[in-house]
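Descriptive analysis of the structure
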Amino acid sequence: MSIFRNRTATAAIVAVAAGALTLTACGGGSDSSAKDNSKSKEDAKSQSKPVQIGDAKASTGPAPAVTGAQTGGTVTVYQEADFSHLDPGQIYVSDGKLLSRLIFRGLTQYSEDDNGNLTVVGDLATDAGQVSDGGKTWTYTLKDNLKDENGNPINAADIRHTVERLYASYITDGPTYLQQWLSGAGTTYRDAYAGPDKGKHLPDSVLETPDAKTVVFHFKDAQPDLPQMLTMPGYSVVPEETDTKEKYDTDPVSTGPYKISDFKPGKSMTLVKNPQWDAKSDSVRHQYVDGFAIEMNHDDEDQTKTLLADQGEAKNAMMFTGQVATTQLQNVVGDKTAMARTIDGYAPYVWQLNFNLDRVKDKKLRDAITLALPSTSVFKADGGAYGGEVANSLISPTTPGYDESFDPFNREAKPNGDIEAAKKLIKEGGFEGKKLVYAYGNTPVRQQQAVLIATALEKIGLDIQKKEIDSATWYEQVGKVKNGYDLYMTGWGQDWPSASTVIPPSYDGTQIQDGSANYAHINDEHVNSEIKRILKITDTTEATKAWAELSEYISTEINPAAPIYYTKVFQIFGSNIGGIRYSSDSSYVDVTRIFLKK
């Protein structure tokens, strides 16, 4: 789901992972006596089932009322870092996804029930889409009376513009599924069309708008997952009349129930009601509270302590992508009153240590580093038992095709690393004293994990040069092809329940460019050809098996990234926050339901 912090993951999918301010020896943390009732891999399996496709009735607002919901008041939101992007086309991380649910809308969206079951419904469109031509043609009809925050009507020309601007050179960090499906795999879509700034449109044979309310996508191959893909925030509408191109990233126009009234980068953001949003056109979102006061620079330790104390303003406060800190885990789990205002879930992300294959070229060195990684200590720094568990694969337990028995680096027997086995490979390869630049984000969790990882790698004879990076722009910096780093962690998860949203974005060599999710820069002929082949398989069972086999090949034959831990989410809220529910779509709280109890 994008990047974790969904990159779909949201990861994307890409999500700022949570964790503690301090760490005790060996990563044990202060949660050692807290009973682990967190989500398991069995719970994760329920998130691997296919989503349902809703009809026009399911897409018609208003959204069903949330039990006990009240109106009015302002919710305070604690955030660790600023949002890296506000332009929908650039959003591919989880905190951006939560914000997007409040201020943006696209052609489709997810409706979710209390059991985490997802149904794709129409958002700006009247339904999830009408398919023809064997899955190659999809037609969307826009709902009536849609407007942006300025009162401008939203029509088919705005949808066309939204798609076409994704080809512009300044759009570098968002998803590329739609562009590739329409205009060519890998980075070739940019060769096919230069973007709308040159005064030309995509041809009608690719994207057609026969009237003000109709949008037709024409694909070369069947694309059965289009409704799911269009739910991603990266495909939210950008009205043509108010598009300021590069400047849109700091001052976007709202189409959702809330709009940005004040924004101080790196400090705060204020959301207020968008009076142009019509509840009758929205089958999922609510507009219960008057607004959200988002405060940045609150790490997880600060967030957890403040919300646990539940005093004053904190009663009306919540986390977005924050998580209960490791050092506070026992205090929360041991307090029944506090536990009553928590949510937890198994997120789809795999945190992995990427090897920059342009610089770390010897597989034996990569294997040695992978064997040495102290996975247990690293995940315990990120929320303890409620924050994750040791990963054995580049595929998450939430993703179809996951195999718990696949364990090429002996994680089951040596979950906190096998130093001796790693030392042996280091000696065989003559890597003693080799310098490697390890980049990490400047948050407490990443700083602690950097110490743990660097210490382990130094034990096997490597010279680790640590390089701290601003976490707010983390993915933009490590996403550069010429980033200057050897090792760096990223979190990636499925954008919808399919490994086709994990393997191609992360390991397809034809997609390498600045902003690509291929952070390791793997460009293997067999992997590339297999990705191309599997993407054409229409039988879901057959495709799932093929993706799993390719994932295992990537790990065992190339090892471009070492899986470290799978993620879980555990959040706490102020006592006056109502409507809290874990979302299997966002992997955090469902922000569309929030209200103040009094």
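Residues numbered from 1 in each chain as written. Predicted model: local features only at pLDDT ≥ 70, side-chain atom pairs only at ≥ 80, totals over all residues. Heavy atoms only, no water.

A few points about the overall build of the protein
Note the cut-off: The secondary structure listing takes helices from DSSP runs of H or I that are at least 4 residues long and strands from runs of E that are at least 2 residues long, numbered from the N terminus. Each radius of gyration is computed over the set of C-alpha atoms, and the globule rule expresses the reference value as 2.2 Å times the number of residues to the power 0.38. Partly exposed describes any residue whose relative accessible area lies between the buried limit of under 20% and the exposed limit of over 50%, with all areas from a 1.4 Å probe on protein chains only and scaled to the type maximum.
Helix and strand counts for the protein stand at 17 helices and 20 strands. Taking 2.2 N^0.38 as the reference for a compact globule, 598 residues should give roughly 25 Å; the C-alpha atoms of the protein span a radius of gyration of 23 Å, in line with that estimate. Each principal axis of the C-alpha distribution contributes one length, and for the protein these read about 70 × 55 × 40 Å. When each of the 598 residues of the protein is scored for burial, the buried share is 63%.

Things to note about the packing of helix 10 (residues 363–372) against helix 12 (residues 419–429)
Using the following cut-off: Helix axes are fitted to C-alpha atoms over the stretch in contact, other axes to C-alpha atoms as well, and angles between N-to-C directions run from 0 to 180 degrees. What sets the label is the angle itself: under 35 degrees gives roughly parallel, over 145 gives roughly antiparallel, 65 to 115 gives roughly perpendicular, and the rest give oblique. In this scheme the handedness of a crossing depends on how the near helix is turned from the far one: anticlockwise by less than a right angle means left-handed, clockwise means right-handed. A contact between two residues is defined here by any heavy atoms of the two lying within 4.5 Å.
At their nearest, the axes of helix 10 and helix 12 sit 8 Å apart, and the two run at 160° to each other. The angle between helix 10 and helix 12 falls in the class roughly antiparallel. The chirality of how helix 10 crosses helix 12 is left-handed. Seen from helix 10, the contacting residues are K364, L365, D367, A368, L371 and A372; seen from helix 12, they are I419, A421, A422, L425, I426, E428 and G429.

A closer look at the pairing of strand 13 (residues 342–355)
Test applied: If DSSP finds at least two bridges between two strands, the strands pair.
For strand 13, the tally of buried residues reaches 13 of 14 residues, placing the bulk of the element in the interior. As paired strands, strand 13 and strand 18 (residues 561–572) are joined by 10 bridges and run antiparallel to one another. Each bridged residue has a counterpart across the sheet, and for I343 the counterpart in strand 18 is Q571.

Here's the deal with the sheet that holds strand 10 (residues 268–273)
Pairing is mixed in the open sheet, where five strands are placed in the order 9-10-11-2-12. The open sheet has two edge strands, strand 9 (258–264) and strand 12 (317–319), and neither has a second partner. Here the average twist between neighbouring strands, direction ignored, is 25°. With three bridges joining them, strand 2 (residues 74–78) and strand 12 adopt parallel strand pairing. The residue of strand 12 that forms the bridge with T76 is A317. Across the sheet, helix 7 (residues 300–309) lies against strand 2 and strand 12, angled at about 140° from strand 12, the strand it touches most.

Thoughts on the nonpolar core
What counts is decided by this rule: We call a set of buried Ala, Val, Leu, Ile, Met, Phe, Trp, Tyr and Cys residues a nonpolar core when their side-chain atoms join them within 4.5 Å.
One finds L178, F217, L226, M229, L353, I369 and L462 to be the most contacted residues of the largest nonpolar core, which totals 113 residues. Here this core gets six residues from one element, more than from any other, and that element is helix 17 (residues 540–558). With sequence-adjacent residues up to four places away left out, L178 is seen in contact with V163, F217, F219, L226, M229, L230 and Y235.

Quick look at the pairing of strand 7 (residues 207–211)
As paired strands, strand 7 and strand 8 (residues 214–218) are joined by three bridges and run antiparallel to one another. Bridging across to strand 8, D211 finds its partner in T214. Between strand 7 and strand 8, which follow one another and run antiparallel, lie two residues.

A look at the confidence of the model for the protein
Stated formally: pLDDT expresses, on a scale from 0 to 100, how confident the predictor is about each individual residue.
Residues with a pLDDT of 70 or more make up 94% of the protein, whose mean pLDDT is 92. Ignoring residues within four places in sequence, the model shows residues 1–33, a span with pLDDT below 50, making 210 contacts including any to other chains.

Comments concerning the sheet that holds strand 5 (residues 130–132)
Strand order across the open sheet formed by four strands is 5-6-8-7, with antiparallel pairing between neighbours. This sheet does not close on itself; its edge strands, each paired only once, are strand 5 and strand 7. Along the sheet, successive strands turn relative to each other by an average axial angle of 20°, direction set aside. Seen against the sheet, helix 3 (residues 156–164) touches strand 7 and strand 8 and runs at an angle of roughly 170° to strand 7.

Remarks on the pattern of salt bridges
Let me state the cut-off plainly: We define a salt bridge as a side-chain nitrogen of Lys or Arg found within 4 Å of a carboxyl oxygen belonging to Asp or Glu.
The final tally for this structure, using the stated rule, is 22 salt bridges. Linking R105 and D282 is a salt bridge whose minimum nitrogen-to-oxygen distance equals 3.7 Å. Taken together, the residues R105 in the loop between helix 2 (94–103) and strand 3 (108–112) and D282 in the loop between strand 10 and strand 11 (291–295) connect sequence positions 177 residues apart. For the pair R105 and D282, a shared accessibility class is recorded, and that class is buried. Between R285 and D282 there is a salt bridge whose closest N-O contact spans 2.9 Å. Overlapping salt bridges bring together R105, D123, D282 and R285 as one network.

Thoughts on the environment of E404
By secondary structure assignment, the location of E404 is in the loop between strand 14 (388–390) and helix 12. Spatially, the C-alpha atoms of E404 and S506 are 21 Å apart, while their sequence positions differ by 102 residues. Apart from the residues lying within four places of it in its own chain, the contact partners of E404 are K41 and N392.

Quick word on the packing of helix 16 (residues 525–534) against helix 17
The relative placement of two packed helices is expressed as an angle between their axes plus a distance between the axes. Rules: Each residue receives one of three labels: charged for Asp, Glu, Lys and Arg, nonpolar for Ala, Val, Leu, Ile, Met, Phe, Trp, Tyr, Cys and Pro, and polar for the others, Gly being one of them.
The geometry of helix 16 relative to helix 17 is characterised by a closest axis approach of 10 Å and an angle of 170° between their N-to-C directions. In terms of axis orientation, helix 16 runs roughly antiparallel to helix 17. Contacts from H526, V527, E530, I531, R533 and I534 in helix 16 reach A543, A546, W547, L550, Y553, I554 and I558 in helix 17. Of the residues that constitute the contact of helix 16 with helix 17, the class distribution is 10 nonpolar, one polar and two charged.

Focus: unusual backbone geometry
Of the consecutive residues G61 and P62, the connecting peptide bond is found in the cis state with omega at 0°. Structurally, the position occupied by P62 is in the loop between strand 1 (52–53) and strand 2. We note that N145 has phi near 60°; this positive angle belongs to a residue other than glycine. Judged by relative accessible area, which is 63%, N145 ranks as exposed. The backbone of S587 shows a phi angle near 70°, a positive value even though the residue is not glycine. As for its placement among the helices and strands, S587 is situated in the loop between strand 19 (577–578) and strand 20 (595–596).

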